[in-house]
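Letter by letter, the chains look like this.
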Amino acid sequence: MRELPLDDLPAHSPWPARLLGREDWTERPGLGGTGVDVYDEVYGKLLGLAREDPGLDFRDVQRAANHHAEESPVPVSRAEQLYLADVDEKQELQDEALVASLAGTLSGGETVVSLGCGWGYELGVLADAYPDCEFVGGDPAANGVALGRELLGDRDRIRFGHFDFRDDRWDLLEDALAEADDVVLFTQGSLTALPSVRDVVAETLTDYLDDVRAGVHLEHVYELHPEDTLLGQLRMEYANLRNYNDDLLTSLRATGGIDVTSVTYDVVGGNPLHPLSEIVWEPA
Ligand SMILES: C[S@@+](CC[C@H](N)C(=O)[O-])C[C@H]1O[C@@H](n2cnc3c(N)ncnc32)[C@H](O)[C@@H]1O
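Reference entry: report on the structure contained in this document. (Residues numbered from 1 in each chain as written. Predicted model: local features only at pLDDT ≥ 70, side-chain atom pairs only at ≥ 80, totals over all residues. Heavy atoms only, no water.)

1. A closer look at the layout of surface pockets
Condition: In this analysis the probe radius is 1.4 Å and the grid spacing 1 Å, with only protein atoms considered; a cavity is a set of points the probe fits into but cannot get out of, a pocket is an open set with protein on both sides within 12 Å along at least five of seven lines, and lining residues have an atom within 4 Å of a point. Grid points are joined across faces, edges and corners, and a volume is the space filled by probe spheres set on the points. Residue classes follow a fixed rule: Ala, Val, Leu, Ile, Met, Phe, Trp, Tyr, Cys and Pro count as nonpolar, while Asp, Glu, Lys and Arg count as charged, and any other residue, Gly among them, counts as polar.
Estimated volume of the second largest pocket: approximately 160 Å³. For the second largest pocket, the full set of lining residues is Leu 6, Asp 7, Leu 9, Pro 10, Pro 16, Ala 17, Leu 20, Leu 230 and Leu 234. Partitioning the lining of the second largest pocket into residue classes produces eight nonpolar, no polar and one charged.

Pasting the structure below:
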């Protein structure tokens, strides 16, 4: 992995030219809003791949998807520094950030409920890293749930079901709470898909604060982008152009009953203009 000056980012990413209006660009149909249809289509293709070759495990499927999507070297970020990395190295960085995000919260015996888990790659990684924990994943994309079950469903510590943040009640979480004493709520890159999370946090998440032990989010946190750096401004513009939410941290902090205990900016950016930051909270 080698450092990448911001000046050289346009040679490795189409986004600076799009953000500056130098290249015409419109969102793919279906990707506006939450993009569930688009994710479902992608997961459907991976499901086909997994069924064609039953010898593939969940890491093989992720690797195939990564190499199909991008060619090395790829730009990544960590702590506001840009780098060029190999495609596999980028996945390792993302896996490290994922495992690290729960390190201060899990001590064994917890059930992690991942909301918007896609096809559940993250649950496979976490289940390997935390062998004494159980995992429940939910997503509105039916092919994601089917692929998760196909690749990881034989493990008795991982379960999948339908889940949508926009539902009034979160049955997946309620079922997990009915079965387990110590539940940790987790999201990675899924709240991002909503144009605003204010109502989801203030009206639905709050119903479960008495029963959940902690929340851990690896998400794109708009409010953390520095307004006084070029990188920060490009990142804000990226989120604006794609209609991603700008209110996750504000909504969590504004909600009585939630105590945000740590916030870490840019733990890893698989897209350096759209990095994941880590937020941990506990019921107050
Ligand atoms: C960027 S992917 C992240 C998937 C997975 N957490 C990961 O990190 O690989 C965004 C996910 O959010 C899901 N999503 C979109 N809208 C959602 C909603 N309203 N409720 C729950 N999940 C949603 C999509 O189906 C997709 O699987």
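2. What to know about the site of the ligand
Rules: Residue proximity to a molecule or strand is established when one non-hydrogen atom of the residue lies within 4 Å of it. Definition of a polar contact: a pair of N or O atoms within 3.5 Å, with one able to donate and the other able to accept a hydrogen when the atoms are protein atoms, and with sequence-neighbouring residues admitted only if both atoms are side-chain atoms. Reported accessibility uses the Shrake-Rupley method at a 1.4 Å probe radius. Residues are deemed covered only where the shown protein chains occlude them.
By nearness alone, 19 residues border the ligand, and Tyr 43, Glu 122, Asp 139, Asp 164 and Gln 188 come closest of all. Here Gly 116 contributes a backbone N or O atom positioned 2.9 Å from a nitrogen atom of the ligand. Between Arg 166 and the ligand, the recorded distance is 3.4 Å, taken from a side-chain N or O atom to a nitrogen atom. Bound to the protein, the ligand loses 86% of the 590 Å² it would expose on its own.

3. Section: empty space enclosed by the protein
The probe, sized like a water molecule, is rolled over the atoms to show the empty space still left. Our working definition: Runs of H or I in DSSP of at least four residues are treated as helices and runs of E of at least two as strands, each being numbered from the N terminus.
One pass over the structure, following the stated rule, counts two cavities of 30 Å³ or more. Its boundaries defined by the atoms lining it, the largest cavity holds a volume of some 60 Å³. Put simply, the parts of the chain that give the lining of the largest cavity at least two residues each are strand S7 (183-188), helix H8 (198-204) and helix H10 (248-254). Taken together, the residues of the lining of the largest cavity break down into 10 nonpolar, two polar and no charged. Residue lining of the second largest cavity: Thr 192, His 220, Val 221, Tyr 222, His 225, Ala 239, Tyr 244, Asn 245 and His 274, and that is the complete set. Grouping the amino acids of the lining of the second largest cavity by side-chain chemistry returns four nonpolar, five polar and no charged.

4. Focus: the packing of helix H4 (residues 87-101) against helix H5 (residues 121-129)
Each packed pair of helices is defined by two parameters, the angle between the axes and the distance between the axes. Quick reminder of the rule: The angle between two axes is taken between their N-to-C directions and runs from 0 to 180 degrees, where each axis is a line fitted to C-alpha atoms and a helix contributes only its stretch in contact. Handedness of a crossing follows from how the near helix is turned relative to the far one, being left-handed for an anticlockwise turn of less than a right angle and right-handed for a clockwise one. In this description, contact between two residues means that some pair of their heavy atoms is separated by no more than 4.5 Å.
One can describe the packing of H4 onto H5 by two numbers: an axis separation of 10 Å at closest approach and a directional angle of 65 degrees. By crossing handedness, the relation of H4 to H5 is classed as right-handed. Contact with H4, carried on its side by Gln 91, Asp 95, Leu 98 and Val 99, involves Tyr 121, Glu 122, Val 125, Leu 126 and Ala 129 of H5 and no other residues of that element. Classifying every residue of the contact of H4 with H5 by side-chain character gives six nonpolar, one polar and two charged.

5. Considerations on helix H9 (residues 230-241)
Our working rule: One fewer than the residue count of a helix, multiplied by 1.5 Å, yields its expected span. Each residue is assigned to one of three classes by its accessible area relative to the maximum for its type, calculated with a 1.4 Å probe on protein chains only: buried under 20%, partly exposed between the two thresholds, exposed over 50%.
Here H9 spans 16 Å end to end across 12 residues, near enough to the 16 Å set by a 1.5 Å rise per residue. Residues of H9 that are buried include every one of Leu 231, Gly 232, Leu 234, Arg 235, Met 236, Tyr 238 and Ala 239, and no others. The elements touched by buried residues of H9 are helix H1 (15-19), strand S2 (74-78), strand S3 (81-85) and strand S9 (258-268). Once H9 ends, the next one or two residues include Asn 243, with phi positive near 60 degrees.

6. Structural notes on the sheet that holds S7
Just so we agree on the cut-off: In this analysis, strands are considered paired if DSSP registers two or more bridges between them.
Judged by pairing direction, the sheet is mixed, and its seven strands sit side by side in the order S6-S5-S4-S7-S8-S10-S9 without closing on themselves. Edge positions in the sheet fall to strand S6 (158-162) and S9, since each has one partner strand and no second. On average, each strand axis in the sheet is tilted by 15 degrees relative to the strand beside it, whichever way the strands run. Sheet topology note: the strand S4 (residues 111-115)/S7 ladder contains four bridges and is parallel. Bridged to Ser 114 within S7 is Phe 186. Docked against the sheet, helix H6 (residues 142-152) engages strand S5 (134-139) and S6, running at close to 165 degrees with respect to S6.

7. A closer look at the side chain of Thr 204
Note that Thr 204 resides in helix H8. With relative accessibility at 8%, the residue Thr 204 sits in the buried group. In this structure, Thr 204 is in contact with Asp 167, Asp 168, Trp 170 and Asp 199, ignoring residues within four places of it in sequence.

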